[in-house]
Structures are given as C-alpha cells and as structure tokens.
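Coordinate inspection notes
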There are 2 protein chains.
Amino acid sequence: MAKCKKSAKKAKTTKYIYFFGGGKSEGKSSMKELLGGKGANLAEMSSLGLPVPPGFTLTTECCDQFYKQGQKWPKGLNEEVDKNIKYLEKVTGKTFGKGKNPLLVSVRSGAAISMPGMMDTVLNLGLNDETLQSLIDLTGNERFAWDSYRRFMQMFGDVVLGIKHHDFEHALDIVKKRNKVKLDTELDVDGLKQVVTEYKKVYKKAKKSFPQDARKQLQEAIDAVFSSWNNDRAIKYRAMNEIRGLLGTAVNVQTMVFGNSGQNSATGVAFTRDPSTGSNKYFYGEFLINAQGEDVVAGIRTPQQITLKGSKEWAKSQKVTEAKRKKEFPSLEEAMPKSFKELDAIRVKLEKHYKDMQDLEFTIENGNLYMLQTRTGKRTAAAAVQIAVDMVKEKLITEKDAVLRVEPKSLDQLLHPTFDPKSEKAAKQIAKGLPASPGAATGQVYFSANEAEKQAASGKTVILVRIETSPEDIGGMDVAKGILTSRGGMTSHAAVVARGMGTCCVAGCEEVVIDYKSKSFKAGGKAIKEGEWISLNGSTGAVYAGQIKTTDPSLTGNFGTIMKLADKYRKLGVRTNADTPHDTIVAVKFGAEGIGLTRTEHMFFEGDRIISMRKMILAEDEAGRKKALKGLLPLQRKDFTGIFKALKGKPATIRFLDPPLHEFVPHDKKGQMEMAKAMGVPLKQIKDKVNSLHEMNPMLGHRGCRLGIYYPEITAMQAQAVIEAAYAVTGSKPEIMIPLVGNVKEFTNQKQIVLDVYEAIAKKKGKKLPYLKIGTMIEVPRGALTADAIAEEAEFFSFGTNDLTQMGCGFSRDDAAKFLGQYVEMGIYENDPFQSLDQEGIGELIKIAVEKGRKTRKNIKLGICGEHGGDPASVEFCHKVGLNYVSCSPYRVPIARLAAAQAAIKYGKK
Amino acid sequence: MAKCKKSAKKAKTTKYIYFFGGGKSEGKSSMKELLGGKGANLAEMSSLGLPVPPGFTLTTECCDQFYKQGQKWPKGLNEEVDKNIKYLEKVTGKTFGKGKNPLLVSVRSGAAISMPGMMDTVLNLGLNDETLQSLIDLTGNERFAWDSYRRFMQMFGDVVLGIKHHDFEHALDIVKKRNKVKLDTELDVDGLKQVVTEYKKVYKKAKKSFPQDARKQLQEAIDAVFSSWNNDRAIKYRAMNEIRGLLGTAVNVQTMVFGNSGQNSATGVAFTRDPSTGSNKYFYGEFLINAQGEDVVAGIRTPQQITLKGSKEWAKSQKVTEAKRKKEFPSLEEAMPKSFKELDAIRVKLEKHYKDMQDLEFTIENGNLYMLQTRTGKRTAAAAVQIAVDMVKEKLITEKDAVLRVEPKSLDQLLHPTFDPKSEKAAKQIAKGLPASPGAATGQVYFSANEAEKQAASGKTVILVRIETSPEDIGGMDVAKGILTSRGGMTSHAAVVARGMGTCCVAGCEEVVIDYKSKSFKAGGKAIKEGEWISLNGSTGAVYAGQIKTTDPSLTGNFGTIMKLADKYRKLGVRTNADTPHDTIVAVKFGAEGIGLTRTEHMFFEGDRIISMRKMILAEDEAGRKKALKGLLPLQRKDFTGIFKALKGKPATIRFLDPPLHEFVPHDKKGQMEMAKAMGVPLKQIKDKVNSLHEMNPMLGHRGCRLGIYYPEITAMQAQAVIEAAYAVTGSKPEIMIPLVGNVKEFTNQKQIVLDVYEAIAKKKGKKLPYLKIGTMIEVPRGALTADAIAEEAEFFSFGTNDLTQMGCGFSRDDAAKFLGQYVEMGIYENDPFQSLDQEGIGELIKIAVEKGRKTRKNIKLGICGEHGGDPASVEFCHKVGLNYVSCSPYRVPIARLAAAQAAIKYGKK
C-alpha cells in the first residue's frame, strides 16, 4: 500500500511529456539528459522559430520509470499522452486515427547520447483502414496513400511487433512477381493493395494483430522504443562505447510531413561544414525528390547535392556530364531555390546558435520546408581541428572552446601514415586483430627479428610477423614498418613497444596462424609466405593481403595551431618515454619537454651488448660481474650521451635496471650453448644459473632496486655511465630514478651508491654537475603508503602506474586479459585499468603519495610515466591531483598536451 | 669551528660516568638504557645496601659519542675518569697503579640488552711490575700475585690488544713442558715467573707493548670495549636477534675482589629459583672454592652446590657417595655457613626487590661476601609459567604482571612433544634445516604421500620426506608424525600446512639429498632408506638418524592458569584457521573461540574429490561443470556439517574457492591420461586445457572471487553446501567469506549468488537461518583503499595479510626468500614481513581499511586470518588498530591469547 501511494505521488509531481512546435516549446537544448539529444534539439529549434513539425517528447525519466514498474507505463502517463495528442490535434487542425484530415505521426527513439541498436523509427503511425481513405481523399494521390499504408504496416510489424523483416520482403516479392515488376516503385495502386492483403496474412501467420486503433498503435510503438533500450545490441553498444549513467531513452512523437508527396516534395540530410575535412567552402549535403527520409540513406537512388557548387564537383568526380547532371541530378539550389535559400539561412542561424558544426535533417512537403533534426555533427580528427581553428577566426568560439572541441584521442589519426580510403576499401581483408598501435603500414612479411633486420638493411620494407614478441626482438621491431602478432593484448610487449616507437601494430590477431618452420602464415583462407606483401591498419586492426598506398601526416597548419593553443592553457608538463636518441628526437618534435622515463634495460638487448649483459648475469662472483660491466659501461655512456644531446638541455629521467634478470638470459639450448662457449664454462653451469633465475611470480620477484641492492656494482656502473655522459654534454639534466622502491631504506642504499660514484667523478673532474637529481618510481603500493619517508630522501617521484595497477589491483598484466574483458563488460571496472587509470583505487594510492610526499618535501617534483600518461582521462586525473607532469610514448605527446589543456580549462589552475 | 664549539658544549652538559658502591650510588635499575643492564643493577644493588665492590660505569651515551667523534673519547671524559678513579681510591683506601695498597679493577662491557660477541672482561687491571710487588707484600701470597699478573697480561693482550689467544696458550705450554707439569695450577712461583717472561716475548713478537701505566691500561681497555660494540660478531648477533635502537655499550670499572685468594675465598653463580623448572624448592646455584669467576663456567673443575639439599640431589644423580660428597664437594651451606646465610638473605631481598627470578654472581674474599651482578634470570617456558603462577600466589606480583612475564612465542615449547634432552644430545645429528613447525617427532621414513598413508594405515609411525610438498600431499602430511623437506622456506607449503596441523616439520633442509627413484636420501655422510628411523626437532631444525624418545605436553596446571589469566585481560577474540573437524577440535581445546578461516579448497584435494574437481575444471561448458559440481556438493556439505558440529555454536568463517585452478589439475602425463580416460576425452584436450590455465604470475591471476565470477556455479554450489549444512546443525554460525575482493562490485556479484541460493533453500525449508553473515577478505590493496564502499555491502572483513603483504610490498612469497634474508640482515625490513606484519607499510593499509570500513558500517566485524594472526608483535598491532579478533593456526591459539592479553595490559582497552 505504501508503495502504491508513493508511486501515485510520483506520478503527480513528475512531468513525463514535453511539447514542442506550433509556437510552444516546453524544452530546450540543455535538457538532453531528460529529453534525449533529438527531443532537446527539436524543442530548441522550435524555440528558435524554425519550421519544426509539432510533436512531443516522452522523457528518459519516463523510460526509467517504465523499467522500475516492471515494463509498465507509470501512473498518469496515459492521461498525459492523451492531453498532448489533443493539443497536437488542436495545433495541426487534424484528428488522430479518424476523420477527414487525419493526424499521422512518426515515433522515434532518442537518448542523450546517440546510439544505434535501439528501435529507430516508425513512420505514418495513425494510418488505418479509415484514415487511409481520408488520406486518399485529401491528397488525391491514391498510390501515395496505399504506399504509405503498406510501409507503415511493414515498419510496425517489423520494429514494434518483432515479425521477421524477411517475411514482409517475401510477401512483397510474391506480389512483384505476380505483377511482373522488378522495383517497388513500379507497383501500381492495385499492386500496393495486394501487398497490404499479403501483409495482413503475414501478421496472421505470426499470430500478431495489426491494431486499427491509432491510440493503441501509439502505445505499442512507445512500449517498443522503451523495450529496445535494453535489447542486446543496445546493451552491447553502450558497453563497447563506455556509455553509462543514462536513465533511458526518450520517445519523440512528431507530426508526419511527407517528402514523398510529389515532385514538389523532397527530403535530405546536410552538414553545416564538410565533416571529413572541416572545410567551410560550401554547404555539404544530399537530398532526394519525392522520397521519405530512409530513402536517402538506403542507397537505392543516387542522392543529389544541395549546392550547385557541390553538385558540379560531384558530377566531375563521378564523370557525369553537365547536361546529365542538370537533368537527372540537379542541386537543391537549382531545383527548389526558395527552399534552398530558406535552408541555407537556417544553416547559418543554427551554427551561430549552437556555435558548432551541425548535422541536419529536413523535409520539403509541397514546397514547405520542415526541420526534423539538428545535432552536433560527427567529424574526422582533421575536420575537428579545421573547424575549431576556423571558428576561432570567425569569432564564433573562444580559444578555450577550440581546445575543448578536439577529442585528444582522435589526434592519433593525424600523427601516423594513413591508407588512401578507396584503396583500403578495395583491398582484401584477411584477418582482424587488436588495433594495438595506430597508423597504416604496408610491407613484406618476415618472421624473425634477425631476418627483418637483414632484409631492412638490404632496403626491403618490412612487416614483422611474430606469435608474440619479446625484448630480444627489439632490433627487428625497430626496423619494421609494421608489426603483426597472433597473441597478446593491448598491453602486450609488441603493443607497448610499437606504440612507443610509433610503429603501426596489429596485436593478438588470433585468426593468423603462424608456422615459423615453413616461414608462412594462414589467415582468411590465404597462405602468406616470407617476402609477400601485406598491409596493416593499426587504427582498426585490419590485416590485408597485398600492398596499399599510404600517405604521411603533417604536424603544422591547423594541427600546429591547436597544439599552440593547448600549450597556452595547460598547466601540466608533458614529457616522453624514450629509450633512444631517435625516439627522443621524434618526441621533441611532438612537443615533449623532456624525458620522463628512459628504460635503460632496453639498451642491453641491442647487438653484442646482450652478450656482455649475459656474462654479467651468469658470472659466478662479483669479480666476474664487474668485468662484464666494464664492457657495458662505455656503451651505456654512449647511449646517455646521445640522449642528452638530442634533448638539448631538457631534463631526462633515467630509470636504472628494472626487469628480472631471467628476461636477459637464453632459455633455449642453442643460446645456452653459445653462452657456455663465450664464457668458457660447462653448459650445465649456464643451465643451472638460468634455472635458478626462474620465479613463480616474476612480477613480484627479484627485480627493480632489489637487483641493485643484490648487485651494487650494476647500480654503480649505471651511475657512472649517466654521470660521465652528463659531464660530456654541456647543459645535460640527468635525473636518476631508482625503480621499485617500496621502502625508503632501499632508496637510501641505492642513492648512496650513486652519490659515491658521483663524488669520485666530481673529484676527478674538479667540479660539480650543475644539475643532478635522484628520485624514485612509486610503483609498489608500499612505496605510495610510505611516501612521506621516501620523500625525505628522494627529490622526485614518478608514478609507475602500470605496476601500481598490477600490485594495487592484484592483476598480472600478462594474465588478466582472460577475465578483465568480462569485468569491463559486467561493469565491475568501468575501463580496463591498464588503459585508463583506475581513479577510485589506484588513484587513491596516488593521492596518498602526493599528499604524504609533499608533506615532507614541499617542492618534490611529481610525474607519471606509466602507459596512462597518454590517456586523456588519466591526464585529467593527474591535473586534478596536482602532478607536475605526465610522460608518455612519443606519439601520445600531442594527445597528452591537448588533454592537459582541456583539464586545465575544465578544472582551473593547479 | 662551529662543530667544535658544539661538542665542547656537549661535553660540559653531559654526565658520562655514574659511580656506585661505598655508600654512594648515582644510578638505579631503571637506567638500563644509559648504564647497561650490568651497570644499572650494580647501582641498584649498591643502593639496596648490598655488599658491592665499588666502581663506576661509563654510559652508553659515552659509547655513542665515542663513535660520533670517530672512535675518540668525547671531550671531558678524561677528566671524569680521573675524578672517579680518585673517588674510588678514596672509598677503598687504595691507590691505582702504584703504592703499597694497590687498587685493582675489572673492566666489563654491559649493554642494555645482554649480548655475546662484545669484549667481555678484563680482570686485575692495575697490575704492573710495581703493584705486583705490593700485592705480594700485602697478601703474603707470592704465587697468587704472580698468577694474577700472568692472567692479567694474557687477558689484556688477548682481548684489549688483539694478540692471538693461541700465542699465549702456546707460551704457557712451553713453560709447563719445561717444568714437566700438566695443569696451570701445578706451576709454582718460579714457573709463573717464567710464564710472565714468555708472555712479554709474545707481546714483543706481536709488536704490542704491555703498558706499565695503569691509567693507560684502563684507557685502552675502555677503548677496546667501545670498539667491540661494532665487531662482526656483535653486529651479527644484534641483527639475528633483532636488537635495534641501542646507543652502544656501557663500560663497568669495578674494584677487584678475589675469590682465588685462598681456601677462605670462593666464587659462584646462582639463580633465585630453578631456571629449568621454575621450582622454588631450593636456592639453585654452584660455586668453587679458591677460584676466579671464569673458572666456574670454564668446566675444568667440578663446581659444588650452594644448598645442602641441592648438593645431595646432585650427588645422587651423579652417583657420588655421601662420604665423597661431604669431603670433596661440600655445599656452601656446609663449607661457609656464614656466607651462605648472608647470600640466602640477599636472595630473598633481591627477589622481593626485583619481583622476579634473579641470576646472581658473587665472590667471597677471605670470608667476606661480595655481590658482583644480579639480573633477571633466563628460564625455560615451563619455568616462566611456573614462576609467574607461583609469584602471584606469593603476592610478589599481580595477575597482569604474571601475564606479561611469559614470552608468548615460548609457549610453543609447551604444546608439542619434546625429546628427552639427554637422548637428543646422544643422538647422531645428520643435517640441519629450518625449524618450520615446532615439536619433536620420531618415525620411519617414507617418500610419497600415498606410501605414507598406506604405512600409517598399517600401524607404522611415519616421517614423510619430500623435496617439497604440494596440496596433493595433504593426505600423507596428515598421517605423518613429522615432515622433512629439502626445499622451501618458513612459509613454504610444507611449513604452513604443518604448523596448521601442529605437526613437527623441518623444511628447506638442503643438506638432505633425496632420490625418489631409489627411495632414499643422503645426509651427513649417511644414506637413509625407506622404512628406516629418523628423528626431527622442529623447534631447532635438527635431523637425527635413529629413534629418540619423546614426551607429550600437558595443557592443564600452570599452563592452564596462565591461559585463564590471559583470557581475563585480553580484549581481542582469538579464532583459528582450520579446514577439518579434527583441526577444529584441536583448536577449540587450545581455546579458539571460533574459526576465522576455513580454506574450502583444501577439501578438494582429498581422495576421489580431486577427480570431481578436475572434471569440473576441465569441463568444456557450464553443463559439464554443473554435473561435476553436483558430485562435489554432498561432500562439501558433509565437511561443513562436521565443522559446525565440532564448533558447537561457535562461528565459522568459510572462505570460498581461492587458488588458481591450475593448482588442481595434473601437470604430469600420467595424471593427464587418467583424466582423459575418466572424462572420455582425448588426451590433447586435457593437455590444452591444462596449458591454457598456465599463468605468468599466478599470484596476480585468475583466482579468488575472479573464479566465482567467471564460474558462478562454483559459488552457488559452495553456498548451497554451507547453507544446507547450517540448516542441518542447530546453532551453526556460518560466515561466508568471498576472497580476493578488490572492488565492491566483485563482492556484490558474489553476494547476490549466495543470497539467491539462500532464499531458495529458506523457501523450501520454510524458515530463515538464525545466523548468516556474508563478508570478505581484504587482501588486495585496492580492497583496503576502497573499504568504505565494500563495507556498505560486506558484514565483516578478514585481513588476509599474507596476500596483502605480497601485493602491498610486491614480494612473491614463493620467490622472495632469495633476497628477503639479505633485506632483513641489512635492516631494510626489520623482520621478514611474512612472519611479522610490516606495520609501517601493510599496517598502514589495514589502518586505512579499518577507518574506512567503520565509516560506512559502524559495527563491522574486523579480523585477521593471515599467518600473522599467531605472531605476538602482529597481534599487538591488531589490538592497537582495534580489530575484533585474530585467527591463527590451532597451535598458535595459546600464543595469540597470551599476546592479546599482553597488548591489552600494555595499551589499555580498545
């Protein structure tokens, strides 16, 4: 009883329907959450005095209540619908479901965020045997009326009642065959009457009834829209696109206007600017004469262009003669000049009003223009940048607005080579993997890093294909134009390294079955051998057989302008994760203000160095290790010299040896035999040592500073290399970073070794370095929890959010793919925490560390160098908690710059 | 300059020396930190008016300054020493280093905590060629004087100057041979003079000079004591015994008294009660007539007993006739009745004063009794308990004092079988491993769990010997009297499970080389075959060949009294970790108030269950899994019924399936073939499935609630088993615990499954359960950090501190042994964080979780169920942060009860 009372009360206080059109508009564009995007904009257009067919919107709250009441209409809704229908009848002077001038309506879904999958549209609702006749009488066009009726019956049966679409098509085919015609449009009135008869049979067979009562039609259509909010496709779409927190969909009931009521009618879609380039040269859009909305997108008839200029360009590209164009495909500007003028004026008005590029739908009924929809238009990254820059120039928007207008992630599209769209469309796709590192690449297939290096050296364009990659493959990855792996996720070794290098990569492509022995792979029924050409789209994950033409990106022009604006407004510094002078130069070109992470271990894999490294690891005593380290010292010093030179005075955070040693040693017999020979010891000794390095959970094992504490001579060698390089390159700003510190005493141990080395060198050189900082990575939860103690000793923290996520959440990055996907689908985590920082959990650890760190060292420099440094949402978080900088792979630097600027604009100065 | 001023100022304000004796006592017993244990007690005895030879103590602060000044005396110390020497001369009427009545002193180290390794004692300091003559004149005992001189030269050369002890022994031997005597005591005056001559040569050869100046002797002896504070042995001892935070050692300079100055002199050590049993029957101690202190402990002469009663008992045990005893080994009571009476009175006085059993050193010089030391006496666990109980009865101490008097860890000695000490001493030790689970065991060796079970069933007493154990060995471990492994640490599977079972275990005994093929092992040069007897001491790690007699423990008497007192004062609840009715019964006997952790997975390994479990894991679909689970359901229900019955209404926290599935499947070909046969599928399918379960870091992989989310049917089955068992046993208190929750949504997912199962059963039964709680383990750092959200859903938290330590510190328990030992030695961690909770880091996570958890659920029940629940320091922490209970393995329950009581007494009510 109490419950009943409550909902009764609710019904009285909540307004479920908002009217628009006919000089009345209860909603406005800011009410998207409640009215959905479509409803809010219809209301807004109506307020602006644009010609909008009147109608009303059932709110998303209404949808929410529908579900809360067990898929029933909330109390009071019935009466509200009746009231609004009556008002609509009054405004239009028509009657619903009966009478001589029948009111026909469309019913459309419309959530706050546009999403496919839901029930889309039912047109011509209100038609029945009675109103059909009225329509015939009213229009004098019997064919049009019968065609409208049979279309409505099909749509209603299909989308509202769930009768198979195929059954209607089949019925239509029977009639067409019987009448010996090919196209629907060739059916005459009699033929259409036969279709209606056949459709009634389809309903009967499906045990559904077609309601003659218009009010019932409406009720069922509204129910169907609400129900479709939670159909499988819609749920999946929301999950895939991370759309959460919405109440439901709104329902728009709107008076029908007919673009198909004769040669003086038309329907079309348009963009206020070109959505693929952003150009403002002309009004971009298409229309069809005597057609209903869906005909334009259906692609049965070739649509015409809106402007004359556009029409001429189209004709040129399609090789259509001017005569033919004028006759068969005239522009709206030519065919209906009055409506065109009106529409063009509306275009200008809407852009001024919304201050953004709009996507419009319109219908012309007997020469009268109606606006059916306006919404912010989707656009490519290039168009977004162009439009933002142009609109600032046009004084439509401010610089800050412009910065907010470009989706940071989309910049990726502008930084990499891309395929020519047509050539890509024409190419043979043989498999699809994960879009692990963006861009396009075309090249010849090689299956080993060595072979790839050899072939690249001889001038070949190489695509490296591996089941999975390991640090030993770095050389081959470096020379490859693209990388394809059949195993591993978005954070697999291949994916992470490729993104760092800016190399196109398709990872975890399970359809690709690789056979190293025969040097070939199979995919999509095709066998590809070594040396054959394939092409990869790292932005979509597509793998193609053969060559596809690519084009290179440009970093100046509008892109440069937006980046300059971003730098003007952002507060966060942006650094890069780079391990080589080459990567450093790329990153600086992209705007990096220094290096936030150099992984020194990557340097140990190159060429002969791995031999010295292995000798060091496999040595039986300190003397043996020191000897091997002596061989590595000049090479490391050269690495750092190169990086300092490339940075030209920008700071570089250099992380000391981090990964467990087993990653460096050969696990195969051949490699072990080589090492045994090189070191002059028995194979068994090598084997035993390698086995002794095995760990159950290497992620939590003997790595990071634990190695430097166990083998202080490694830390000493690395310190010497960095410091001597800093002396060699004037203006160097070395920042030595001790990894995996969980306890301040680990840090002081390592810091002392570095200081001892530094003092010895400084004594020899007779002067101090002008800049040298020693800090640590905060990547062990305990490090974050005891950050106050650590900050007493460390001059900077860099948050290693990859490991912090692994340990904080207890997810092994190598294994979690198995269930993390399901977790995200179920909403346990909103995003994969390895891709976008888990702000609630891991973010809390960062907050604790920031607070504690600043408590004991007020001016401590705080940054982040995990993969998250290039994720816009994570960058925003870093701004909010007050870090000094983020660091990310070179190709993410522009993304981070823009995201940082957006955060600063949204959340103010930090 | 500034530095100099500061230290000069320091010297003026700091008092470095405290005088005692001769009616003056500047110190007292509470000043142990400053004066060391020995110094503080000498001062205290002196204040009590006991006959203490006067002297003075250099403070530990002085030692600290000594190191801070670069091993130099702090300013002002010289003058202070001179002043005190002068005062000592005044009190004794003797002169230092000269004159007719020479002042001789002893110099002894003495830190706040007794520790070996430091420089111990130099006696007779002040002797030189001049005072030697005075001593002869004064005592008329030329032999005594020369003997004292040569002893002093040897001690000074050896301990102060670092001349090899052996060189002095060698010189002595030469003289003995020359004089044709065997014992030192047989040398006459002339012989001793020769010794002095030879000793001078030893000094010369070592290029050291024996200072004739007494003041210089004293300075060098003091330096030597200070220096010895940081010698290798002392450092190692402090590290091993976790002694930290001390400033240094004190130095005691005390007037010599001579127990070796004739037949009316003696020296001895005594305990106020029997240190091995705690008995107060008689005054327990030994002495020697005409001897110096070190002679008593050196074991060259057989010492005599203090009391007549003790002497008679001793004679009986040594089979010495009463006549011989009276003649050769009379008691002090008989030999020196006056001194005895005096000493006995002092005994009573000291016990009353210190309110604890004392360890005394005394010397009788020419019939005058002197007290040289008193300190709290070391004792066995049995003695500690007896003394505490007795002293309460005697009203010497309060109940709270009694509770604080017993070291919780030592209780372990009282809960397990022990070896007869003499038989153990006589046995042949063949190896030594880690003391992984305490107690003593003797039995026949078997090398597989199956064989162990078979032999035990046939009545054999079994010792299970394995390289390492795995969950599959549970059956064999359960029947074994003792377990020996050659691999793994204190937290290896064998160690953890054995401690849980209370079974004696020696783990990680690398000297034992096991050959499964020949069913034998080698150790200490011996080969032991299957069926042969060995004995294990799980408290020391010793492994013996052959049988040794064991005796069983008693839980009543004094032990019971102390436990009752502990329960009276503790605030923390104490539960147990138990997986079987048997363990539960043991734990309840030890005082457990419920189960804090039942690991349901252990139940899956027994007998045929593993087959059903494997079928479940290897099933291809949900239907297959459900079928296999159906087979497991009745078995699990029976497990829980058994546990609920054993608990008789006490609560039981039951953790749902936790370990990664790969732990359950066969990794060997034979096992895989069996499974293929049992399931009727090809071997390859089994192999592939097993391989697919492999993880890089299983600790951070697919386990805990992640399994239950992936396979909801497992959670449902376990819920059904628990709930049906609870219905079956009246008074059951089930608490279902969801493991590895890091995100509240994981918890709600699992909770819903449990609730659905419960509702269905309750509906069928027609009534609700009177008690059912659903909570979670907090063992992922993220779980602790988001405890506020989790507590909104969970009714209790149990801290899984093992995993919390693994993830929070980033230490894999399976791998960290490699470097954690070094870490503890280096002081990076004070203790192994898997043995004693890392309060600073992991403790911080617990504090956060406690605070956040109570914020959203005020009455949330909080406990701990990691290994730490039985570690006294960790229990104290749990009390301080306000947990409701700790849970530990059955054999640690008494330890936890006592530790909890001590925490409550020390820190008050929580």
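Residues numbered from 1 in each chain as written. Chains lettered and ligands numbered in written order. Predicted model: local features only at pLDDT ≥ 70, side-chain atom pairs only at ≥ 80, totals over all residues. Heavy atoms only, no water.

1. Digging into the overall build of chain A
Within chain A, the secondary structure is distributed over 38 helices and 34 strands. Dimensions of chain A, computed from C-alpha atoms along their principal axes, come out at roughly 105 × 60 × 55 Å. Burial statistics for chain A: of 910 residues in total, 59% are counted as buried. The contacts in chain A between residues at least 6 apart in sequence include a share of 69% that link residues at least 24 apart. Counting every atom, chain A has about 38200 Å² of accessible surface; 51% of that belongs to carbon and sulfur. The average position of the 137 basic charges and that of the 106 acidic charges among the side chains of chain A differ by 2 Å. (Helix = DSSP H or I, 4+ residues; strand = E, 2+ residues; numbered from the N terminus. Buried < 20%, exposed > 50% of the residue type's maximum accessible area, 1.4 Å probe, protein only. Contact = heavy atoms within 4.5 Å. Areas by Shrake-Rupley, 256 points an atom, 1.4 Å probe, with all protein chains shown as cover. Lys, Arg positive; Asp, Glu negative; His and termini not counted. Charge placed at Lys NZ, Arg CZ, Asp CG, Glu CD.)

2. So, the packing of helix H6 (residues 142-160) of chain A against helix H9 (residues 214-228) of chain A
Residue and element names in this part refer to chain A. Where H6 contacts H9, the two axes come as close as 10 Å, and the packing angle between them is 40°. Taken together, H6 and H9 sit at an angle that is classed as oblique. Relative to H9, the crossing made by H6 is left-handed. Contacts between H6 and H9 involve Phe152, Phe156, Val159 and Val160 from the first element and Gln217, Glu220, Ala221 and Ala224 from the second. Residue classes in the contact of H6 with H9 are distributed as six nonpolar, one polar and one charged. (Axes fitted to C-alpha atoms, helices over the stretch in contact; angles between N-to-C directions. Parallel < 35°, antiparallel > 145°, perpendicular 65-115°, else oblique. Left-handed = near helix turned anticlockwise from the far one by under 90°. Nonpolar A, V, L, I, M, F, W, Y, C, P; charged D, E, K, R; others polar.)

3. Comments concerning the sheet that holds strand S1 (residues 17-21) of chain A
All names here are of chain A. Reading across from one edge, S2-S1-S3-S8-S6-S7 is the order of the six strands in this open sheet, with antiparallel pairing throughout. The outermost strands of the open sheet, each flanked by one partner alone, are strand S2 (24-25) and strand S7 (121-125). Against the sheet, helix H2 (residues 32-47) engages S1, S2, strand S3 (55-58), strand S6 (105-110) and strand S8 (250-255), with an angle of about 35° to S8. (Pairing = 2+ DSSP bridges.)

4. Remarks on the pattern of salt bridges
All names here are of chain A. All chains considered together, the criterion is met by 98 salt bridges over all chains. Arg150 serves as the salt-bridge partner of Asp184, at 3.8 Å between the closest nitrogen and oxygen. Of the two residues, Asp184 sits in the loop between helix H7 (165-178) and helix H8 (189-205) while Arg150 sits in helix H6, which places them 34 residues apart along the sequence. According to the relative accessible area criterion, Asp184 is partly exposed, its value standing at 29%. Arg150 gets classed as buried once you look at its relative accessible area, which sits at 6%. (Salt bridge = Lys/Arg side-chain N within 4 Å of Asp/Glu carboxyl O.)

5. Section: the side chain of Thr14 of chain A
Checked against the element boundaries, Thr14 of chain A lands in the loop between helix H1 (2-13) and S1. Look past the residues within four positions of Thr14 of chain A in its chain and what remains in contact with it is Glu61 and Glu80 of chain A.

6. As for helix H37 (residues 872-881) of chain B
Residues and elements named next belong to chain B. In terms of burial, H37 is a largely internal element, eight of the ten residues being buried. Within H37, burial applies to Pro872, Ser874, Val875, Glu876, Phe877, Cys878, His879 and Val881. For H37, the secondary structure elements touched by its buried residues are helix H36 (842-856), strand S33 (861-864), strand S34 (885-888) and helix H38 (893-907). After H37 finishes, the residue Gly882 shows a positive phi value of roughly 85°.

7. Here we look at the packing of H6 of chain A against H8 of chain A
All names here are of chain A. Where H6 contacts H8, the two axes come as close as 9 Å, and the packing angle between them is 20°. As far as their axial angle goes, H8 and H6 are roughly parallel. Regarding H6 and H8, the two cross each other, and that crossing is left-handed. Within the contact between the two elements, H6 uses Glu142, Arg143, Trp146, Asp147, Tyr149, Arg150, Met153, Gln154, Phe156 and Gly157 and H8 uses Val189, Leu192, Lys193, Val195, Val196, Tyr199, Lys200 and Tyr203.

8. Overview of the relation of the copies chain B and chain A
The two copies are related by a screw motion: chain B maps onto chain A through a turn of 180° and a shift of 0.2 Å along the axis, at an RMSD of 0.3 Å. Look at the turn and shift together and you get a two-fold axis relating the two. When you check the interface residues of chain B against chain A, 100% turn up at the interface there too, and the contact is symmetric in its surfaces. (Least-squares fit on C-alpha atoms with pLDDT ≥ 70 in both.)

9. Considering the confidence of the model for chain A
All names here are of chain A. When the pLDDT values of chain A are averaged, the result is 91; 98% of them are 70 or greater. For residues 1-11, every residue scores under 50 in pLDDT, and the model assigns this stretch six contacts once sequence neighbours within four places are set aside. Both scores are given for the predicted complex: the pTM is 0.81, the ipTM 0.81. (pLDDT = per-residue confidence, 0-100.)

10. A closer look at the sheet that holds strand S22 (residues 520-523) of chain A
Residues and elements named next belong to chain A. Strand order in the open sheet formed by three strands is S21-S22-S23, and the pairing between neighbours is antiparallel. Strands at the two margins of the open sheet, each flanked by one partner only, are strand S21 (513-515) and strand S23 (526-529). Between one strand axis and the next, the sheet turns through 20° on average, direction left out of account. In the sheet, S21 pairs with S22 via three bridges, with the strands oriented antiparallel. For Ile514, the partnering residue across the bridge sits in S22 and is Phe521.

11. Focus on the interface of chain B and chain A
Listed by partner, the interface residues are 48 residues for chain B and 48 residues for chain A. Note on chain B versus chain A: buried area summed over both sides is about 4400 Å², and carbon and sulfur give 55% of it. Three residues, Leu700, Arg782 and Lys818 of chain B, lead the burial of chain B against chain A; their summed loss comes to 15% of the area buried on that side. Here chain B and chain A share four salt bridges between them. The salt bridge partner of Glu844 of chain A is Lys852 of chain B, with a shortest N-O separation of 3.4 Å. At the surface where chain B touches chain A, the tally comes to 28 residue pairs in polar contact (both at pLDDT 80 or more). Secondary structure elements with two or more residues in the side of chain B that touches chain A: helix H29 (705-710), helix H31 (744-765), helix H32 (781-785), helix H34 (801-809), helix H35 (817-826) and H36 of chain B. Among the elements that make up the side of chain B that touches chain A, the one with the highest residue count is H35 of chain B (five residues). (Buried area = accessible area lost by both parts, 1.4 Å probe. Polar contact = N/O pair within 3.5 Å; in protein donor to acceptor, adjacent residues only side chain to side chain.)

12. Considering unusual backbone geometry
Despite not being glycine, Lys180 of chain A shows a phi value in the positive range, around 55°. For Lys180 of chain A, the position within the fold is in the loop between H7 and H8. Given the relative accessible area of 76%, Lys180 of chain A is considered exposed. At Lys395 of chain B, a residue that is not glycine, the phi angle is positive and equals roughly 60°. As for its placement among the helices and strands, Lys395 of chain B is situated in the loop between helix H16 (381-393) and helix H17 (399-405). The exposure class assigned to Lys395 of chain B is exposed, which follows from its relative accessible area of 74%.

13. Details of the environment of Glu44 of chain B
All names here are of chain B. Mapped onto the elements of the fold, Glu44 is located in helix H2 (residues 32-47). According to the relative accessible area criterion, Glu44 is buried, its value standing at 10%. In this structure the C-alpha to C-alpha distance between Glu44 and Glu26, which are 18 residues apart in sequence, comes to 9.2 Å. Residues contacting Glu44, with those up to four places away along its chain left out, are Lys28, Ser29, His353 and Tyr354.

14. A word on the packing of aromatic side chains
Inspection of the entire model under this criterion finds 50 aromatic pairs over all chains. Centroid distance Phe819 of chain B to Tyr823 of chain B: 5.5 Å. Interplanar angle 65°. Geometry classified as edge-to-face. Residue Phe819 of chain B and its partner Tyr823 of chain B are located together in helix H35, separated by four residues, close to a single helical turn. A connected cluster of aromatic rings, assembled from ring pairs, spans Trp146, Tyr149, Phe152, Phe156, Phe168, Tyr199, Tyr203 and Phe210 of chain A. In this arrangement the basic side chain of Arg238 of chain A is found over the ring face of Trp229 of chain A, its NZ or CZ atom lying 3.7 Å from the centre. (Phe/Tyr/Trp six-rings, centres within 6.5 Å; stacked < 30°, edge-to-face > 60°. Lys NZ or Arg CZ within 6 Å of the ring centre and 35° of its normal.)

15. Regarding the environment of Ala726 of chain B
Checked against the element boundaries, Ala726 of chain B lands in helix H30 (residues 712-728). In this structure, the C-alpha to C-alpha distance between Ala726 of chain B and Tyr354 of chain B, residues 372 residues apart in sequence, is 54 Å.

16. Focus on the pairing of S33 of chain B
Residue and element names in this part refer to chain B. Burial of S33 is two-sided: the residues Lys861 and Gly863 facing one way and the residues Leu862 and Ile864 facing the other way are all buried. For strand S32 (residues 796-799) and S33, the ladder comprises four bridges, and the chain directions are parallel. Across the sheet, the residue bridging to Phe799 is Ile864, located in S33. In terms of handedness, the path from S33 via H37 over to S34 forms a crossover that is right-handed. (Right-handed = clockwise from strand over helix to strand, strands pointing away.)

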